Amino acid sequence: MKTQTHTYLDRRLFQMLLVFYLVAYIIDFIGTILIYNQDETSEVALDQLAIQYVILFVSKLSYILVALSLTQSFFKKGALHIWIVLIHLALAALLSFFTAFIGLLVEMELFSRTTQITGESIYIRGLGGMSFNFFMYFSMIAIVYAYYYFQRKKTDDLRTTTLKAELLDSKIRALQAQLNPHFLFNSLNDISSLIDEDQIKAQNAIADLSDLLRKTLSLKNSKLISLKDELQLLNMYAKIEKLRYDDKWEFIKSIPDGLEQILVPPLLFQPFLENIFKHGFSEQHQQVKTLLRLRRTAEFLEIDLINNGKTLESEPPIIGNGIGNILERLDSLFPGNFEFEISNIVMHDTVFNGPIVSINIKLPLIKNA
């Protein structure tokens, strides 16, 4: 990461100051011309007045820019201490007397006037231009302070946004790290129950679990994956569970074409299936049917996960670690822009006939570039 050196009079700020100063000076010059045209006793020619104003413009601007360079150390302090204000007042006053001195010098050297440069003449002329010089000086100082205040605020806002993004990434990685052991322990428990019943099935399940874990480890730092890859993970997991439950569990998928490149969080479906295996089977529910149905709308990917196992004992239900983890990840990835609902409903169609548990999720439609 490159460290960028900041100057307090960068090009953009210098352009702003120059435009402001030039406009103010032109207005003052026009006002002076109007006054001299009405003064019939004035011996100052217009060309001489213009030359004098150009010299004063350069001299005064140089003085102000040097004074503004002191603002660098003042601004770093971050507060308007009283002594900083006094220094600016002194510099503004000196600007007026400096301008008076340059004006008298120009009249004497360039226009051969009999003007005498004395302390009194500098003092009198300096007092006469005090109001305009104070206005110019403090206006430009105010521009500098305002400019760098907003620059600093912009930098602080960017730093805050970056830190929030890094914190969000850390939170999502932590939640995914919690999910993998949770998934592994549940799968191993499922496979262990097969060992005494069917050793060949248990061996096949261990091989399938190894493939699945290898796949999930490759997704360690992935916050989103394609729906195609997520469905591959789901099929591998469902294959492991099918070895255990066999005819007791039927898994149906209704997924239209054209959704493969939509992005979803990894291991999104697996905790919901775990929840079905854990709570769906009972003495009255020896066989469980599960339907995964996906739909695409203009703004959302709608997910329905329906099963005819044991219904919820309470609504809203108590959310366990697996589903709770998924909801935390969704809230971190899509804050305020996703929907989740789980409830008991009654369905009568070609798949289900009676009470079911319905999980509905709506995720923002994000396509893989």
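Residues numbered from 1 in each chain as written. Predicted model: local features only at pLDDT ≥ 70, side-chain atom pairs only at ≥ 80, totals over all residues. Heavy atoms only, no water.

1. What about the overall build of the protein?
Summing up its helical and strand segments, the protein has 10 helices and 7 strands in all. With 369 residues in all, the protein has 39% of them scored as buried. Taking the contacts inside the protein whose residues are at least 6 apart along the sequence as the reference set, 75% of them involve residues at least 24 apart. (Helix = DSSP H or I, 4+ residues; strand = E, 2+ residues; numbered from the N terminus. Buried < 20%, exposed > 50% of the residue type's maximum accessible area, 1.4 Å probe, protein only. Contact = heavy atoms within 4.5 Å.)

2. Details of the pairing of strand 4 (residues 288–296)
Here strand 2 (residues 249–254) pairs with strand 4 via 6 bridges, running parallel. If you follow Ile252 over to strand 4, its bridge partner there is Leu291. Sheet analysis places strand 4 next to strand 5 (residues 300–307), joined by 7 bridges and oriented antiparallel. Bridging from a neighbouring strand, Thr290 pairs with Asn307 of strand 5. (Pairing = 2+ DSSP bridges.)

3. Let's talk about the packing of aromatic side chains
Enumeration according to the criterion identifies 13 aromatic pairs in this entry. Aromatic side chains Tyr137 and Phe138 sit 5.4 Å apart centroid to centroid with 85 degrees between the ring planes, which places their arrangement in the edge-to-face category. We classify Tyr137 as buried; its relative accessible area is 0%. An aromatic cluster is present here, built from Tyr237, Tyr245, Trp249, Phe251, Phe277 and Phe281 joined pairwise through their rings. (Phe/Tyr/Trp six-rings, centres within 6.5 Å; stacked < 30°, edge-to-face > 60°.)

4. A look at the layout of surface pockets
In this structure, the largest pocket encloses a volume near 700 Å³. Lining the largest pocket are 32 residues; nearest its centre among them are Glu274, Asn275, Ile276, Lys278 and His279. Residue assignment for the lining of the largest pocket shows that the elements contributing at least two residues are helix 6 (130–195), helix 8 (227–245), helix 9 (270–279), helix 10 (321–333) and strand 7 (353–364). At 7 residues, helix 9 tops the list of elements feeding residues into the lining of the largest pocket. Taken together, the residues that form the lining of the largest pocket break down as 13 nonpolar, 12 polar and 7 charged. (1 Å grid on protein atoms, 1.4 Å probe; cavity = no way out; pocket = protein on both sides within 12 Å on 5 of 7 lines; lining within 4 Å. Points joined across faces, edges and corners; volume = space filled by probe spheres on them. Nonpolar A, V, L, I, M, F, W, Y, C, P; charged D, E, K, R; others polar.)

5. Some thoughts on helix 10
Here helix 10 is 13 residues long and its end C-alpha atoms lie 18 Å apart, about the 18 Å a rise of 1.5 Å per residue gives. All of the buried residues along helix 10 are Gly322, Ile323, Gly324, Asn325, Ile326, Leu327, Arg329, Leu330 and Ser332. (Expected span 1.5 Å × (residues − 1).)

6. Quick word on the sheet that holds strand 6 (residues 339–348)
Taken together, 5 strands build an open sheet; the order of strands is 2-4-5-7-6 and the sheet is mixed. Edge positions in the open sheet fall to strand 2 and strand 6, since each of these has one partner strand only. Each neighbouring strand pair of the sheet contributes to a mean axis angle of 20 degrees, computed without reference to strand direction. In terms of strand pairing, strand 6 meets strand 7 through 10 bridges, oriented antiparallel. The partner of Glu339 across the bridge, within strand 7, is Lys362. (Axes fitted to C-alpha atoms, helices over the stretch in contact; angles between N-to-C directions.)

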